[in-house]
Amino acid sequence: MNTSFSSETKNELARIVIGDKCCQAAELSALLRFNGRLELTRNKRKTLCITTDNAGTARKAFKLFKSLSEFPLTVIMETKKRFNTNRFYMVRAQLDIENAAVLKKLGLIDQEKGLVFGVAPEMVKSRCCKRAYLRGAFLARGSVSRPGGSYHLEITCPSYELAESVQKLSDGLGINFRIIERKSRAVLYLKDSEQIADCMRIMGANYALLEFENIRAFKSMKNQVNRQVNCETANLEKTLNASIRQVEVIQQLIDKIAVQGIPEQLRELALLRLDYPDATLRELGEMMNPSLSKSGVAYRMRKIEKLGERL
Ligand SMILES: [Zn+2]
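Residues numbered from 1 in each chain as written. Predicted model: local features only at pLDDT ≥ 70, side-chain atom pairs only at ≥ 80, totals over all residues. Heavy atoms only, no water.

K.L.:
Please explain the overall build of the protein as it appears in this structure.
P.N.:
If you tally the helices and strands in the protein, you get 11 helices and eight strands. In terms of overall dimensions, the protein is more spread out than a globule: its C-alpha atoms have a radius of gyration of 34 Å, far above the 19 Å expected for 311 residues. On the principal axes, the C-alpha backbone points of the protein span a range of 110 × 45 × 30 Å. Buried residues in the protein amount to 44% of all 311 residues. Approximately 17,300 Å² of the protein is accessible, and the part contributed by carbon and sulfur atoms is 51%. Here the protein carries 51 positive and 35 negative side-chain charges, and the mean point of each set is 7 Å from the other. (Helix = DSSP H or I, 4+ residues; strand = E, 2+ residues; numbered from the N terminus. Rg over C-alpha atoms; globule rule 2.2 N^0.38 Å. Buried < 20%, exposed > 50% of the residue type's maximum accessible area, 1.4 Å probe, protein only. Areas by Shrake-Rupley, 256 points an atom, 1.4 Å probe, with all protein chains shown as cover. Lys, Arg positive; Asp, Glu negative; His and termini not counted. Charge placed at Lys NZ, Arg CZ, Asp CG, Glu CD.)

Structure representation (structure tokens):
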């Protein structure tokens, strides 16, 4: 998996600014369901925390929290280095004492204050919000391979329930994810290049899509040319293999019975073959005097080979 194409795509998705509050809430809901958790701080205050290794995703989460400012939130963004190499970004939003409204608004708990495990249906009523949710899920846990090798797009889900929920949502957008279970996680994935292109279009990754389509078109053209070249090469090889065999037979004949020993009606063709080992049968026929059709040449060539076998 090429991470740089994934991060290119994510960086682009992170820059998309959606004005509608409904979509903002849907996207943030996805970021929280896929990459977030509810923490209890030392002073017993609740904090929504999103952790990601992608700077763009962190900035997006920060902006969404800020934009949905009807919530009384204090948003902090911090960077942590793990193992000195990987950078992690944490976006924390401190909740007010009365936090049920926020959690409900973000589709994390339902009316009865029970936890929502899938996608809260009221978050994704309209198509615009479904797209936003899918984008959030990809920003949180998605990856896509550069279309040079095999085609693959996936979103790792923390639970099977959530995977099925997102699968259903995506079906409504014409994207048909499949689910595979991997290390107790459910992974939504696409293998079909057409579907991957559609998915990128729906999420709004237009520049990444352009690159994807360019490489895809180039790849299909290259395949076409390759097929043609392979076909021509195969024909050429067939001609050459036959010719090598014929030259061997003719040389053995000359060794054993000398040129004069080769029957007269075969002699001209035998000598022409020695002189032009890479000529096709048609070309040999044209060089003969009088000229001979391809089938006529083939017939005489078979006779030469039979003569070689007999000796
Ligand atoms: Zn919307």
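K.L.:
Help me understand the coordination of the zinc ion in this model?
P.N.:
Six octahedrally arranged donors around a metal ideally form angles of 90 or 180 degrees; four tetrahedrally arranged donors ideally form angles of 109.5 degrees. Summarising the metal site, the zinc ion is bound by the protein donors Cys 22 (SG), Cys 23 (SG), Cys 128 (SG) and Cys 129 (SG), whose distances to it range over 2.3 to 2.4 Å. Around the zinc ion, the four donor atoms sit at angles spanning 95 to 127°, and that spread fits a shape best called tetrahedral. Within one chain, the residues serving as donors to the zinc ion are arranged as C-C-x104-C-C. Within this pair, whereas Cys 22 is found in helix 2 (residues 21-35), its partner Cys 129 is found in helix 5 (residues 127-141), the two being separated by 107 residues in sequence. By relative accessible area, Cys 129 is classed as buried at 3%. (Donors = N, O, S within 2.8 Å, 3.2 Å for Na, K, Ca; no water. Tetrahedral: all angles 85-135°; square planar, octahedral: opposite > 155°, others 65-115°.)

K.L.:
Mind showing me how you'd approach the layout of surface pockets here?
P.N.:
When its volume is computed, the largest pocket comes out at roughly 480 Å³. Looking at the lining of the largest pocket, the element that brings in the most residues is helix 1 (residues 3-15), giving four residues. Its residues assigned to classes, the lining of the largest pocket shows four nonpolar, 10 polar and seven charged. (1 Å grid on protein atoms, 1.4 Å probe; cavity = no way out; pocket = protein on both sides within 12 Å on 5 of 7 lines; lining within 4 Å. Points joined across faces, edges and corners; volume = space filled by probe spheres on them. Nonpolar A, V, L, I, M, F, W, Y, C, P; charged D, E, K, R; others polar.)

K.L.:
Help me understand the domain arrangement of the protein, please; the structure alone is not making it clear to me.
P.N.:
Interface size is commonly expressed as the accessible area that is lost once the parts come together. Split into domains, the protein comes out as domain 1 (3-204) and domain 2 (240-310). For domain 1 versus domain 2, the separation of C-alpha centres amounts to 74 Å. (Domains from an automatic or database assignment.)

K.L.:
How do you make sense of the packing of helix 9 (residues 264-275) against helix 11 (residues 294-310) when you look at a structure like this?
P.N.:
How two helices sit against one another is set out by the angle between their axes and by the gap between those axes. In contact at an axis separation of 10 Å, helix 9 and helix 11 are set at 90° when each is read in the N-to-C sense. When the interaxial angle is binned, helix 9 and helix 11 end up roughly perpendicular. Of helix 11, the residues touching helix 9 (which contributes Gln 265, Leu 266, Leu 269, Ala 270 and Arg 273) are Val 297, Arg 300, Met 301, Lys 303 and Ile 304. Its residues assigned to classes, the contact of helix 9 with helix 11 shows six nonpolar, one polar and three charged. (Axes fitted to C-alpha atoms, helices over the stretch in contact; angles between N-to-C directions. Parallel < 35°, antiparallel > 145°, perpendicular 65-115°, else oblique. Contact = heavy atoms within 4.5 Å.)

K.L.:
In this structure, what is going on with the pairing of strand 1 (residues 36-40)? I would like to understand it.
P.N.:
The two faces of a sheet get side chains in turn, since along a regular strand they alternate between them. With five bridges connecting them, strand 1 and strand 2 (residues 46-52) associate as antiparallel partners. By the bridge assignment for strand 2, Leu 38 is matched with Leu 48. Where strand 1 folds back on strand 2, the antiparallel hairpin that results is connected by five residues, among which Lys 44 adopts a positive phi of roughly 65°. (Pairing = 2+ DSSP bridges.)

K.L.:
I'm lost on the sheet that holds strand 7 (residues 178-182) in this one. Help?
P.N.:
Backbone-to-backbone hydrogen bonds pair the strands of a sheet. The strands run either parallel or antiparallel. Pairing in this open sheet of four strands is antiparallel, and the strands run 5-6-8-7 from one edge to the other. At either margin of the open sheet sits one strand with a lone partner, and together these are strand 5 (142-144) and strand 7. Each neighbouring strand pair of the sheet contributes to a mean axis angle of 25°, computed without reference to strand direction.

K.L.:
Got a minute to help me understand the pattern of salt bridges in this structure?
P.N.:
Pairing is possible between side chains that carry opposite charge, provided their charged atoms lie close to one another. Scanning the entire structure with this criterion turns up 12 salt bridges. A salt bridge links Arg 216 to Glu 194, with the shortest nitrogen-to-oxygen separation between them at 3.4 Å. Of the two residues, Arg 216 sits in helix 8 (residues 206-261) while Glu 194 sits in helix 7 (residues 193-203), which places them 22 residues apart along the sequence. With relative accessibility at 44%, the residue Glu 194 sits in the partly exposed group. Put simply, Glu 194, Asp 198, Arg 201, Glu 213 and Arg 216 are held in one network by salt bridges that share partners. (Salt bridge = Lys/Arg side-chain N within 4 Å of Asp/Glu carboxyl O.)

K.L.:
Sorry, what's going on with the packing of helix 8 against helix 9 here?
P.N.:
Between helix 8 and helix 9, whose axes approach to 9 Å, the crossing angle comes to 125°. When the axis of helix 8 is compared with that of helix 9, the two are oblique. Considering only the axes of helix 8 and helix 9, their crossing is left-handed. Seen from helix 8, the contacting residues are Ser 243, Gln 246, Val 247, Ile 250, Gln 251, Ile 254, Val 259 and Gln 260; seen from helix 9, they are Arg 267, Ala 270, Leu 271, Arg 273 and Leu 274. Split by residue class, the contact of helix 8 with helix 9 holds seven nonpolar, four polar and two charged. (Left-handed = near helix turned anticlockwise from the far one by under 90°.)

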